[in-house]
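Here are the chains, one letter per residue:
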Amino acid sequence: MAKHKIYTMSFASVYPHYIKKAERKRRSKTEVDEIIRWLTGYSQEGLETQLDRQTDFETFFSEAPRLNPSRTLIKGVICGVRVEEIEEQTMKEIRYLDKLIDELAKGKAMEKILRK
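Residues numbered from 1 in each chain as written. Predicted model: local features only at pLDDT ≥ 70, side-chain atom pairs only at ≥ 80, totals over all residues. Heavy atoms only, no water.

**Q** What am I meant to see in the overall build of the chain here?
**A** Counting secondary structure elements, the chain contains seven helices and two strands. Relative to the globule expectation of 13 Å for 116 residues, the C-alpha radius of gyration of the chain, 13 Å, shows essentially globular dimensions. Dimensions of the chain along its principal axes, counting C-alpha atoms only, are 40 × 30 × 25 Å. Residues classed as buried in the chain amount to 48% of the 116 residues present. If you sum the accessible surface of the chain, you get close to 6,600 Å²; carbon and sulfur atoms cover 50% of it. Charged side chains of the chain number 23 positive and 19 negative; the gap between the two group centres comes to 6 Å. (Helix = DSSP H or I, 4+ residues; strand = E, 2+ residues; numbered from the N terminus. Rg over C-alpha atoms; globule rule 2.2 N^0.38 Å. Buried < 20%, exposed > 50% of the residue type's maximum accessible area, 1.4 Å probe, protein only. Areas by Shrake-Rupley, 256 points an atom, 1.4 Å probe, with all protein chains shown as cover. Lys, Arg positive; Asp, Glu negative; His and termini not counted. Charge placed at Lys NZ, Arg CZ, Asp CG, Glu CD.)

Dropping the structure here:
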């Protein structure tokens, strides 16, 4: 079976859209970066390296230093699909990130987004 198109897309090509979505709702790039670092375990320098390298989504998540164990607390629907029901792990990680960015754009407090 062919891989989903998003797996081969560069993370850096989608990253500005995450920022724009957040900024339209008066949130910041700093908050987007904090969410990504929380989810993946990348340092800010590591995140910037991945962006500079134009790493694809599949590699971005497979090279993540430490996927946050609390990410399994992320529940809900994104793109019409319930996150907790996604079986393919890479797609689940991508949708976790999408869900967190949605929560940020909806004005949710960072403490709640980061499941503290």
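From this point, the discussion proceeds with the structure in view.
**Q** Which parts of the structure should I look at to understand the side chain of Lys 92?
**A** Position of Lys 92 among the secondary structure elements: in helix α6 (residues 89-105). For the buried residue Lys 92, which engages in no salt bridge, the nearest side chain bearing the opposite charge is Glu 93, 7.7 Å off. Within the local environment of Lys 92, its side chain forms a polar contact with the backbone oxygen of Ile 86, the two atoms lying 3.2 Å apart. Filtering out sequence-adjacent residues up to four positions away, Lys 92 remains in contact with Val 83, Glu 84 and Ile 86. (Salt bridge = Lys/Arg side-chain N within 4 Å of Asp/Glu carboxyl O. Polar contact = N/O pair within 3.5 Å; in protein donor to acceptor, adjacent residues only side chain to side chain. Contact = heavy atoms within 4.5 Å.)

**Q** Would you mind showing me how to read helix α4 (residues 44-53) here?
**A** An α-helical turn contains 3.6 residues, so any two residues separated by three or four positions project in the same direction. Regarding α4, the residues found buried are Gly 46, Leu 47, Gln 50 and Leu 51. Seen from one end, α4 has its buried residues packed into an arc of 140°, which puts them on one side. Away from its buried face by more than 90 degrees, α4 exposes Glu 45 and Asp 52. Tucked inside the fold, the buried residues of α4 contact α2 (11-24), α3 (29-40) and α5 (57-62). Trailing α4 by a residue or two, Gln 54 shows a phi angle of about 60°, which is positive. (Arc of directions from axis to C-beta.)

**Q** So what exactly am I meant to see when it comes to the packing of α2 against α6 here?
**A** The axes of two packed helices give the description: the angle between them and the distance between them. Between α2 and α6, the shortest axis-to-axis distance is 9 Å and the interhelical angle comes to 25°. By the angle between their directions, the pair α2 and α6 is classed as roughly parallel. Contacts between α2 and α6 involve Phe 11, Tyr 18, Lys 21 and Ala 22 from the first element and Leu 97, Asp 98, Ile 101, Asp 102, Leu 104 and Ala 105 from the second. In terms of residue class, the contact of α2 with α6 is made up of seven nonpolar, no polar and three charged. (Axes fitted to C-alpha atoms, helices over the stretch in contact; angles between N-to-C directions. Parallel < 35°, antiparallel > 145°, perpendicular 65-115°, else oblique. Nonpolar A, V, L, I, M, F, W, Y, C, P; charged D, E, K, R; others polar.)

**Q** Please clarify how α2 should be interpreted in this entry.
**A** Between its terminal C-alpha atoms α2 stretches 20 Å, which fits the 20 Å expected from 14 residues at 1.5 Å a residue. Of the residues making up α2, those classed as buried are Phe 11, Ala 12, Val 14, Tyr 15, Tyr 18, Ile 19 and Ala 22. Take α2 and look down its axis: the buried residues cluster within an arc of 155°, on one side only. Facing away from the buried side of α2 by more than 90 degrees, the exposed set consists of His 17, Lys 20 and Arg 24. In this fold, the buried residues of α2 make contact with α3, α4, α5 and α6. (Expected span 1.5 Å × (residues − 1).)

What is shown is where atoms sit, not what they do.
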